Amino acid sequence: MIDLIKRIFKKRGVDRTIYFAIFVLTMTGIVMIGSASVGNAAKYGTAYAMKNMVKQGVFVALGYGAMIFFARTFKSRYITENRVWLYYFACLALMFVCLLWGDNKGAYSWIYLPGGFTIQPMEFMKIIMILFLAYEFGQLPEECVIPTAISKDKRNRMMNRKIIYCAVIPIIAILIAFGVGAVVQNDTGSAIVLGIICLFIFFCTPVRYYSKLKLVAIVSVVLAFIVILISFNTIFKAHQVARFDIWLNPINKNNYYGNGFQFANGLIAFASGGLFGKGFGASTQKFGYIPEAGNDFISAIIVEELGVVGFFVLVIIPYCIIIFKLFNYGQKIRETKSKLILYGIACYFFAHLLINVGGVSGLIPMTGVPLLLISSGGSSTLAAMISIGLAQGIIAKYNKDKLKEQL
């Protein structure tokens with residue numbers, strides 16, 4: 001049976017190690033969501049934990065279906081100019097549709113469906129922007145070749161058009177998506193993740209055309225950072241400034257009994273877990289001290305119950321496997337568009353890991369993004385597994401081509 005499975009995977013060309021890491025993360029997520037939900041059983045009923053586990057299990061099952069589908073069918077040639085712009089505008093429209101419903105803790109990020117289900121378009125926009133920029137920064141510049149045997153005036157006109165189509169328009173598209181997420185939806189955390197992914201893809205493109213523009217981008221980022229520091233209280237809203245104060249002074253009396261209550265107790269969960277934790281299900285912080293125990297703060301519950309060792313084995317190591325594998329294949333693959341898709345998905349996982357765990361543990365200010373495949377949430381789970389399916393489709397083609405060369 002094991003030999004049959006190995007032959008099937010080898011024939012399809014997908015990377016089994018990535019699938020194994022996804023399996024570990026999704027199963028850990030379902031189990032830990034159930035454990036974290038026990039803390040709210042008194043408030044929502046004894047079936048609350050099982051309900052959340054089943055709900056997450058449904059999302060994971062749908063995610064596996066989508067992942068396998070894209071792994072078998074996706075080809076980089078499907079990413080064309082018309083399609084990426086269609087995906088971009090469709091998802092942007094859905095982000096505005098979210099305004100038709102009320103805010104959830106200040107953010108207008110969800111479309112509410114019957115049965116208590118929600119869709120968060122921004123989670124899918126991250127994947128769409130990876131595909132969008134892979135085309136815009138990967139394939140489009142290679143198609144816009146300027147002939148040498150032309151007049152100087154015509155050459156200048158073509159160079160100006162290339163700058164507009166290959167640099168100005170994509171940058172405007174990035175800024176619009178970022179602005180809608182940060183300002184219109186008031187979802188700063190997701191907007192920051194989107195910005196990190198877009199910047200990373202731009203700096204990773206091997207197209208020589210962008211060499212000088214990368215220097216301009218570095219200077220722009222540094223200047224923007226300086227402006228933010230100088231105009232900190234003007235740019236950020238009161239609740240955003242408060243997050244920095246909570247981060248710097250989590251045990252302050254006003255913070256602990258105010259908006260910093262959950263953050264401070266998340267730190268207590270990290271500290272009390274130690275190396276090996278209190279034992280599965282033995283968390284005390286999930287009983288009212290961390291209200292969002294199954295969502296953004298689930299990493300604190302994992303550390304408290306399973307310890308740092310358990311957290312590394314079940315979360316950090318699988319994440320590192322996925323990120324390393326995607327980067328490794330990205331370096332091997334020659335096609336620029338496929339390379340950027342793999343790099344973008346790797347950055348997508350890394351950014352969520354860094355911002356979530358960094359925020360909950362106090363390394364950086366808390367911004368509120370899910371830990372992919374671990375935190376409860378259908379949109380983030382589906383988006384993450386779709387992205388792995390896209391990556392596996394590219395990896396499968398690469399492995400099949402290498403096998404043909406060997407034969």
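The text that follows walks through the structure, step by step, so that each part is easy to find.

What counts, and where the lines are drawn
Residues numbered from 1 in each chain as written. Predicted model: local features only at pLDDT ≥ 70, side-chain atom pairs only at ≥ 80, totals over all residues. Heavy atoms only, no water. Helix = DSSP H or I, 4+ residues; strand = E, 2+ residues; numbered from the N terminus. Rg over C-alpha atoms; globule rule 2.2 N^0.38 Å. Contact = heavy atoms within 4.5 Å. Areas by Shrake-Rupley, 256 points an atom, 1.4 Å probe, with all protein chains shown as cover. Expected span 1.5 Å × (residues − 1). Buried < 20%, exposed > 50% of the residue type's maximum accessible area, 1.4 Å probe, protein only. Core = buried A, V, L, I, M, F, W, Y, C linked by side-chain atoms within 4.5 Å. Patch = residues over 30% accessible without salt bridge, like charges linked within 9 Å, V, L, I, M, F, W, Y side chains within 5 Å. Salt bridge = Lys/Arg side-chain N within 4 Å of Asp/Glu carboxyl O.

### Thoughts on the overall build of the protein chain
Argument step 1. Of the regular secondary structure elements, the protein chain holds 16 helices and two strands.
Argument step 2. The C-alpha atoms of the protein chain give 22 Å as radius of gyration, which agrees with the globular expectation for 407 residues (22 Å, within 12%).
Argument step 3. Long-range contacts, defined as pairs at least 24 residues apart, comprise 72% of the intrachain contacts of the protein chain with a sequence gap of at least 6.
Argument step 4. In the form shown here, the protein chain has an accessible surface area of approximately 20200 Å², with 68% of it arising from carbon and sulfur atoms.

### Brief notes about helix α15 (residues 336-361)
Argument step 1. Across its 26 residues, α15 extends 37 Å between first and last C-alpha, which sits within 8% of the 38 Å expected from 1.5 Å per residue.
Argument step 2. Of all 26 residues in α15, 23 are buried; the element is thus mostly enclosed.
Argument step 3. Phi for G362, located one or two positions after α15, is positive at around 90°.

### Concerning the nonpolar core
Argument step 1. Counting 100 residues, the largest nonpolar core has M125, M129, I322, L326, Y348 and F349 as the members making the most contacts within it.
Argument step 2. Ranked by residues supplied to this core, first place goes to α15 with 14 residues.

### So, a nonpolar patch on the surface
Argument step 1. Together, L199, F203, L215, I218, V219, V221, V222, L223, I226 and I230 make up an exposed nonpolar region whose accessible area comes to about 890 Å².
Argument step 2. Counting only elements with at least two residues in the nonpolar patch, the list comes to α8 (188-204) and α9 (211-230).
Argument step 3. The element that contributes the greatest number of residues to the nonpolar patch is α9, accounting for eight residues.
Argument step 4. Along the chain, L223 falls in helix α9.
Argument step 5. The partly exposed category is assigned to L223, whose relative accessible area is 48%.

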